[in-house]
Amino acid sequence: MLTVDPKEISTGQRHQYLLGAVGPRPIAFASTVDEEGRPNLSPFSFFNVFSANPPILIFSPARRGRDNTVKHTFLNSKATKEVVINIVNYKMVQQMSLSSTEYAEGVNEFEKAGFTMLKSDLVKPFRVAESPVQFECKITEVVELGQEGGAGNLVICEVVKMHFDEEILDENGQIDQHKIDLVARMGGNWYSRANEGMFEVPKPLSTLGIGVDEIPEYIRRSKVLTGNDLGKLGNVEALPSKEEITSFLNENSEMDKIIGAGNVENIHLQAQLYLEKDEPAKAWKLLLANR
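In this text, all values refer to a predicted model and were calculated from it rather than measured experimentally. (Residues numbered from 1 in each chain as written. Predicted model: local features only at pLDDT ≥ 70, side-chain atom pairs only at ≥ 80, totals over all residues. Heavy atoms only, no water.)

S.K.: Please explain the pattern of salt bridges as it appears in this structure.
M.R.: Where side chains of opposite charge bring their charged atoms close, a pairing between them can arise. Evaluated as defined, the whole model comprises 15 salt bridges. Between Glu36 and Arg38 there is a salt bridge, with its nearest N and O atoms 3.9 Å apart. With a relative accessible area of 64%, Glu36 lands in the exposed category. For Arg38, a relative accessible area of 30% gives the class partly exposed. Residues Lys138 and Glu82 are paired through a salt bridge, measuring 2.6 Å at the closest nitrogen-oxygen approach. Taken together, the positions of Lys138 in strand β8 (residues 133-144) and Glu82 in strand β5 (residues 82-87) put the pair 56 residues apart, joining distant regions of the chain. (Salt bridge = Lys/Arg side-chain N within 4 Å of Asp/Glu carboxyl O. Buried < 20%, exposed > 50% of the residue type's maximum accessible area, 1.4 Å probe, protein only. Helix = DSSP H or I, 4+ residues; strand = E, 2+ residues; numbered from the N terminus.)

S.K.: Mind showing me how you'd approach the nonpolar core here?
M.R.: Buried together is how nonpolar side chains tend to be arranged in soluble globular proteins. Grouped together as the largest cluster of nonpolar side chains are 21 residues, with contacts concentrated most on Phe59, Val83, Ile85, Cys137 and Cys157. Breaking this core down by element, the ones donating at least two residues are β1 (28-33), β4 (55-59), β5, β8 and β9 (153-164). With five residues, the top contributor of residues to this core is β8. When neighbours within four sequence positions are excluded, Cys137 is seen to be in contact with Leu57, Lys81, Glu82, Val83, Ile85, Val123, Cys157, Glu158, Val159 and Val160. (Core = buried A, V, L, I, M, F, W, Y, C linked by side-chain atoms within 4.5 Å. Contact = heavy atoms within 4.5 Å.)

S.K.: Any chance you could explain the packing of helix α7 (residues 227-234) against helix α10 (residues 264-276) here in plain terms?
M.R.: For any two helices packed against each other, one specifies the inter-axial angle together with the distance between the axes. Orientation of α7 relative to α10, taken along the N-to-C sense of each, is 70°, at an axis distance of 10 Å. Taken together, the axes of α7 and α10 are roughly perpendicular relative to one another. Facing Asp229, Lys232 and Leu233 of α7, the residues of α10 in contact are Gln272, Leu275 and Glu276. Each residue belonging to the contact of α7 with α10 can be placed in one class, and the counts come to two nonpolar, one polar and three charged. (Axes fitted to C-alpha atoms, helices over the stretch in contact; angles between N-to-C directions. Parallel < 35°, antiparallel > 145°, perpendicular 65-115°, else oblique. Nonpolar A, V, L, I, M, F, W, Y, C, P; charged D, E, K, R; others polar.)

S.K.: How should the sheet that holds β8 be read in this particular structure?
M.R.: As a general point, the strands of a sheet are linked pairwise by backbone hydrogen bonds and lie either parallel or antiparallel. Across the sheet, which stays open at both edges, the seven strands sit in the order β2-β1-β5-β8-β9-β4-β3 with antiparallel pairing between neighbours. Two strands lie at the open edges of the sheet, namely β2 (39-44) and β3 (47-52), each paired on one side alone. Averaged over all pairs of adjacent strands, the angle between their axes in this sheet comes to 30°, without regard to strand direction. Looking at chain direction, β4 and β9 are connected through four bridges and run antiparallel. Each bridged residue has a counterpart across the sheet, and for Ile58 the counterpart in β9 is Ile156. In the packing of helix α2 (residues 72-80) onto the sheet, contacts are made with β1, β2, β4, β5, β8 and β9, and the angle to β1 comes to roughly 55°. (Pairing = 2+ DSSP bridges.)

S.K.: Help me understand α7 in this model?
M.R.: One full turn of an α-helix is made of 3.6 residues, so residues set three or four places apart face in the same direction. Of the positions making up α7, those classed as buried are Asp229, Leu230, Leu233 and Gly234. Looking down the long axis of α7, one finds its buried residues gathered within 135° of arc, a one-sided arrangement. Its buried side turned inward, α7 meets α6 (217-220), α10 and α11 (280-289). Residue Thr226 occupies the N-cap position of α7, its side-chain oxygen lying 3.3 Å from the main-chain nitrogen of Asn228. (Arc of directions from axis to C-beta. Polar contact = N/O pair within 3.5 Å; in protein donor to acceptor, adjacent residues only side chain to side chain.)

S.K.: Looking at this structure, how should I read unusual backbone geometry?
M.R.: One can expect most non-glycine residues to show negative phi and most peptide bonds to be in trans. Omega for the peptide link from Gly23 to Pro24 comes to -5°, which places this bond in the cis form. Following Asn53, the chain continues into Pro54 via a peptide bond in cis, with omega recorded as 5°. The backbone phi angle of Lys81 is positive, close to 60°, even though this residue is not glycine. In this fold, Lys81 is placed in the loop between α2 and β5.

Here's what the structure looks like:
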């Protein structure tokens, strides 16, 4: 294992390690105006929600590591105390990326990136009409974490009005996590598209799982099954009976052949495929048939 003292590497190296390891990160597409009313638009992946009552979002326009300059968003946030945080989905990711280009002060990134400026109700910054969710915010505080390149600046925002595209809502008026089609930042040039890689992990309290410790050792020590696989196997309430295993093999001749061949790796690979399809009961029947 590589062990690193952050004080012994450059700011750039620290930046890459942190962003490569901490992700996917949601994106705050922040719209501000300067004291002359000129709009600015820029994305930030140092961002999240921190409170529902009051509704608080925080994002961080950090100082540039190469020359210690600050972003227009940071200056505008301190000067006007208002921002609109627009949420980014897949349909707008290329335009969003384009808007991150470091244009000169006063250049309108809405126009450069081809976004539509939508007037807000309670704050001066414009909303991004193409964004599926727009949060109008009052800035309550800006916390400067340092004065050197790479230092973050926490912009603490209270949401005063929320706007949702009805196309992303389900029949109950809640956000459908597939329809919203969110994207997030990874390290380097990489992004993550949520609805293409989403998976569900049942909460342990919904069922009383047997636990990984109850999985037979010959399965726990598998060279194929991962920690995630073992977690799924451990989240069943009971193991299948011998009768259920026999019935399963009788109904699945291909699985019976795999068991008959006796290749443990192939058996575990097939069990893993069942787990990937969220069919742990079948995975267990196959694994236990090999006892």
